[in-house]
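# Architecture at a glance
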Amino acid sequence: TTNCSECHGKDGRGRTDEGKRLKIVDLSNPQIQDSFTDEQAFRIIKKGLKDDTGPVMHNTSYRLTDEEVAALVRHVRSLRRK
C-alpha cells in the first residue's frame, strides 16, 4: 500500500495522477498479466525499471526481502480481472 499504490493504485489499474503521468499499465488487465512471467515481475519489483529518461519504478532491494517480493508478485497476480 505504501510504496506501490501511489502509482499503481490499490486496484493495480494505474489510474492515479502519478500512474497516469508515468503511463502505468493496468495490472488487472488479463493481456498485461499474460505479458510477463512471475520471474520477470519479481526482477522488476526487486531491481526497478528504467526507461530512456531514468528510473520509472525504483528498486526495492534495499527494503524488501525475497519473500516479501514473492508475496507482491502473488498479489499482482490476484489483481487480474476475469
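An account of the accompanying structure is given in this report. (Residues numbered from 1 in each chain as written. Predicted model: local features only at pLDDT ≥ 70, side-chain atom pairs only at ≥ 80, totals over all residues. Heavy atoms only, no water.)

### Quick notes on the environment of proline 30
As for its position among the elements, proline 30 is in helix H3 (residues 30–34). For proline 30, a relative accessible area of 25% puts it in the partly exposed group. For the pair proline 30 and arginine 81, spaced 51 residues apart in sequence, the C-alpha to C-alpha distance is 6.3 Å. Residue contacts for proline 30: discarding those within four places in its chain leaves Arg80 and Arg81. (Helix = DSSP H or I, 4+ residues; strand = E, 2+ residues; numbered from the N terminus. Buried < 20%, exposed > 50% of the residue type's maximum accessible area, 1.4 Å probe, protein only. Contact = heavy atoms within 4.5 Å.)

### Considerations on the packing of helix H4 (residues 38–47) against helix H5 (residues 66–78)
Helix packing geometry: the angle between the two helix axes and the distance between the axes. Axis separation between H4 and H5 bottoms out at 9 Å; the angle between their running directions is 125 degrees. Classified by the angle their axes make, H4 and H5 are oblique. Note that H4 runs across H5; the crossing there is right-handed. Across the interface between the two elements, Asp38, Ala41, Phe42, Ile45 and Lys46 of H4 pack against Asp66, Val69, Ala70, Leu72, Val73 and Arg77 of H5. Across the contact of H4 with H5, the residue classes tally to seven nonpolar, no polar and four charged. (Axes fitted to C-alpha atoms, helices over the stretch in contact; angles between N-to-C directions. Parallel < 35°, antiparallel > 145°, perpendicular 65-115°, else oblique. Left-handed = near helix turned anticlockwise from the far one by under 90°. Nonpolar A, V, L, I, M, F, W, Y, C, P; charged D, E, K, R; others polar.)

### Thoughts on the pattern of salt bridges
One pass over the full model with this rule turns up six salt bridges. Put simply, arginine 81 and aspartate 26 hold a salt bridge, and the shortest N to O gap is 2.9 Å. With arginine 81 in the segment after H5 and aspartate 26 in the loop between helix H2 (17–22) and H3, this pair connects stretches of sequence that are 55 residues apart. A residue is classified by how much of its surface remains accessible, and arginine 81, at 33% relative accessible area, is partly exposed. Residue classification places aspartate 26 among the buried positions, given a relative accessible area of 16%. The shortest N-O distance in the salt bridge between aspartate 34 and arginine 80 comes to 2.8 Å. (Salt bridge = Lys/Arg side-chain N within 4 Å of Asp/Glu carboxyl O.)

### Digging into H5
Along an α-helix, residues three or four apart share an orientation, since each turn contains 3.6 residues. Taking 1.5 Å per residue, 13 residues should reach 18 Å; H5 reaches 18 Å between its end C-alpha atoms and fits that length. Residues of H5 that are buried: Val69, Val73 and Val76. Seen from one end, H5 has its buried residues packed into an arc of 60 degrees, which puts them on one side. In H5, the exposed positions angled more than 90 degrees off the buried face are occupied by Glu67, Arg74 and Ser78. Summarising the contacts, the buried residues of H5 are in contact with H3 and H4. (Expected span 1.5 Å × (residues − 1). Arc of directions from axis to C-beta.)

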